[in-house]
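Descriptive analysis of the structure
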Amino acid sequence: MGWGIELWDQYENLATHTQKGIDFLDRYGNFIRDRSAIEVEYAGKLRRLVKNYQPKKSKEDEENEFSSFQAFKCVLKEVADLAGQREVVAENLQLQVLQGISLLAKNLRDERKKSLNDGALRTQNLTSQIAALERAKRNYEKAFREAEKSIESYQKADADLNLSRAEVEKQRNNMNIRCGQSEDAKNEYANQLQKTNKLQQTHFETSLPEVFNRLQELDEKRTRGLKEFIKGAADVESAVAPIIARCLEGMVKAADAINEKEDSLKVIEKYQSGFQPPGDLPFEDLSKADSDTSNNSQNYTSTSGLNHLTAKGTTTNKLKKRVGLFGIFASNKKIVEACIQVKNNLSTDGMKEDFSDLPPTQRRKKLQQKVQELQQKVAQEQAASEGLMKMKGVYEANSLLGDPRSVEDQLNESVNKLDKLRMELQRYQKLLDQANSQTIVQHSPQANRVIHNGQRSSSLSSYRHSNGSNHDHHHDDHGDDHPDHDAGSLSSSSASPESGLGTSHTSLPGSGQGSTNDQPINDEMYFEAEALPPLGTCKALYPFDATSEGSIPMSEGEELLVIELDQGDGWTRVRRLCGPNGWEEGFVPTSYIESTLYA
């Protein structure tokens, strides 16, 4: 069944239908165009998303070691690949589908126009023939009536005896003429009728069906093309589906690679200090304070040369001169000089060259990394030196290849650099051996800071040396102490933040001056010195809520007095003036404040 037979009289409707079909094809093309634009926009947003969340490269990239971080980096990479696939989809839709739609729509328009013009021409020919037939028919009718009238006139004239023979003959000739014209018009009408019928038959049975069949073929071609384009768009999507599936599989694989236990162990390895937790705090029996502290005051006075202590263990008079570790903080000028000296000893990354400002475990880790780095440099420089030596030997064996003296300067420079690297390697290996040989039983620095009555006290039960071990002060059988041993121990302790003492104000006065304290100091005894002078001011960068003993809260922008610098444990001791005669002291995180020391 075809349009030419079944729809022989629906020329206008078929013309409208084919135009709507082509318009629908254009609409689908616009849909593909808009979808391609959305795919491109989606891909661009995905790329911007990946760029915004791409981790910024730092010097060490410490977070890169965690499996969760690595998994997130893999996810970002897979999302970037997904963005690339969306761009491929958009490009293929434009090249394979949209261009095909545009070309097909153009061809269909041309074919439709040609077919409709052909159909219009043939219809116009039939219409013209029908008009000619109508004219022939009207001529025939007119001639026939005139012939009938002429016949009637001749008959009347022939019957009228009064008319002459000439008049009758005239009427007869007129009749013959009219009848001849009528016959000619009749023949013309019959001829036009026959021609019209033939043309009409050809038009409705052959010519117009051909046009309609071409329109039908055109519409089916349009429908078939739309079918192929829809499938093609799906094929474009299916072509990238395996790659997208692999991207998703990569995300799942990255997620499966996350190991919370390993990350926890890495956190331990990264932040483990090597310090031991603080011991139990002693119980201070205030009921026995009068009798006990009076005896202790006498002992302290006799052994340390200080003024007598009160019942609470604090001095009643200001210390005239700080000895031992207290001498480091004799004045603000000395503090500034010490800070400058420490700054000069720092490396480019803000750490000391021997990493003594780090906890024991972290120090050993940094020393190991430094030793490995130096070993690699020594190996590289040694290989370069050996290459220069071989080159020099070749030049000496054959002077045509080069002058041996041309490599002597490079060789000497390489040898000097190699010697410096070896000396530095030996120094760090020695530091590493010392760090490995230490017995780490000391407490964390901030764990040993105890707050009593607004001031910090330090337990005098033990002194920690720079190697991390605890030693009690001993005396010989004759009651003599060992000032040299004590002074050296305390001086080394003050130089090492790992010892927990550092440059603390609360170390035992006189410990570095050959103190005659020949008895072990009781853990329940605490010593409080005078109010420390401020070293500078600081401004709180962030609010801080005090959650641990010894710390004080602060609000953002608050200004405080710095009375003790950070000893390497990340805490700074500050003072807040609460009124005309009141003040409050405690520790705040060093990273939360911006300090300005007095000149």
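Residues numbered from 1 in each chain as written. Predicted model: local features only at pLDDT ≥ 70, side-chain atom pairs only at ≥ 80, totals over all residues. Heavy atoms only, no water.

1. Side note on the overall build of the protein chain
Going by this rule: The helix count covers DSSP runs of H or I at least four residues long, the strand count covers runs of E at least two residues long, and both are numbered beginning at the N terminus. Under the scheme applied here, a residue whose accessible area is under 20% of the maximum for its type counts as buried, over 50% as exposed, and between as partly exposed, the area being computed with a 1.4 Å probe on protein chains only. The contact rule is simple, with two residues in contact once any of their heavy atoms fall within 4.5 Å. For accessible areas, the Shrake-Rupley method is used with a probe of radius 1.4 Å. Any residue's cover is judged against the shown protein chains and nothing else.
A count of helical and extended segments in the protein chain gives 10 helices and 10 strands. Taken over 599 residues, the protein chain has a buried fraction of 36%. Nonlocal contacts in the protein chain, meaning residues at least 24 apart in sequence, comprise 73% of its contacts between residues at least 6 apart. Here the protein chain has roughly 36200 Å² of accessible surface; of this, 51% comes from carbon and sulfur atoms.

2. Considering the nonpolar core
Heads up, the rule is: Only buried Ala, Val, Leu, Ile, Met, Phe, Trp, Tyr and Cys residues count toward a nonpolar core, and they belong to the same one when joined by side-chain atoms within 4.5 Å.
Counting residues in each nonpolar core, the largest one holds 28 residues, and the members touching the most others are Leu 25, Tyr 28, Ile 32, Leu 93, Val 97, Ile 101 and Phe 229. It is helix H3 (residues 67–159) that contributes the most residues to this core, 12 residues altogether. With near-sequence residues (within four places) excluded, Ile 101 lies in contact with Leu 25, Tyr 28, Gly 29, Ile 32 and Phe 229. Core analysis: the second largest hydrophobic core is formed by 13 residues, Phe 355, Leu 418, Tyr 428 and Leu 431 among them.

3. Observations regarding the side chain of Ser 182
Mapped onto the elements of the fold, Ser 182 is located in helix H4 (residues 165–256). What Ser 182 contacts, discounting residues up to four positions off in sequence, is Tyr 140, Ala 143, Phe 144 and Ala 147.

4. Let's talk about the pairing of strand S6 (residues 536–540)
To be explicit about the condition: Pairs of strands are assigned from DSSP output, requiring at least two bridges between the strands.
Across the two faces of S6 the burial differs, with Gly 536, Cys 538 and Ala 540 buried and Thr 537 and Lys 539 not buried at all. Alignment of S6 against strand S7 (residues 559–564), held across 4 bridges, turns out to be antiparallel. Across the sheet, Lys 539 pairs through a bridge with Glu 559, a residue of S7. Across 5 bridges, S6 lies against strand S10 (residues 593–597) in antiparallel orientation.

5. Here we look at the confidence of the model for the protein chain
So the rule is basically this: pLDDT: the predictor's confidence for each residue, scored from 0 to 100.
For the protein chain, mean pLDDT is 75; residues scoring 70 or higher make up 72% of the total. Confidence drops under pLDDT 50 across residues 439–529; counting only partners more than four residues distant or on other chains, this segment forms 207 contacts.

6. Focus on the packing of aromatic side chains
Test applied: In this analysis, rings of Phe, Tyr and Trp, with Trp reduced to its six-membered ring, are considered paired at centre separations within 6.5 Å, and the interplanar angle assigns stacked below 30 degrees, edge-to-face beyond 60, and tilted for intermediate values. Distance and angle both matter: a charge sits over a ring if NZ of Lys or CZ of Arg is within 6 Å of the ring centre and within 35 degrees of the ring normal.
Evaluation of the coordinates by the stated rule reveals 7 aromatic pairs. An angle of 80° between the planes, with centres 5.9 Å apart, marks the rings of Phe 544 and Tyr 592 as edge-to-face. Linking Phe 544 in the loop between S6 and S7 with Tyr 592 in the loop between strand S9 (583–589) and S10, this pair joins segments that are 48 residues apart in sequence. A connected cluster of aromatic rings, assembled from ring pairs, spans Tyr 542, Phe 544, Trp 571 and Tyr 592. Looking at Arg 427, its charged tip hangs above the ring of Tyr 428, at a distance of 4.7 Å from the centre. The lysine or arginine in question, Arg 575, covers the ring of Trp 583, its NZ or CZ lying 4.8 Å from the ring centre.

7. Thoughts on the sheet that holds S10
Spelled out, the test is: Lines fitted to the C-alpha atoms define the axes, with helices restricted to the stretch that makes contact. Angles between their N-to-C directions range from 0 to 180 degrees.
Pairing within the open sheet is antiparallel, and its 5 strands lie in the order S9-S8-S7-S6-S10. Strand pairing shows two members of the sheet lacking a second neighbour, S9 and S10, which therefore form its edges. Going across the sheet, the axis of each strand differs from the next one's by a mean of 35°, ignoring polarity. Pairing of S7 with strand S8 (residues 571–577), which is carried by 3 bridges, proceeds in the antiparallel orientation. Bridge assignment links Leu 561 to a residue of S8, and that residue is Arg 575.

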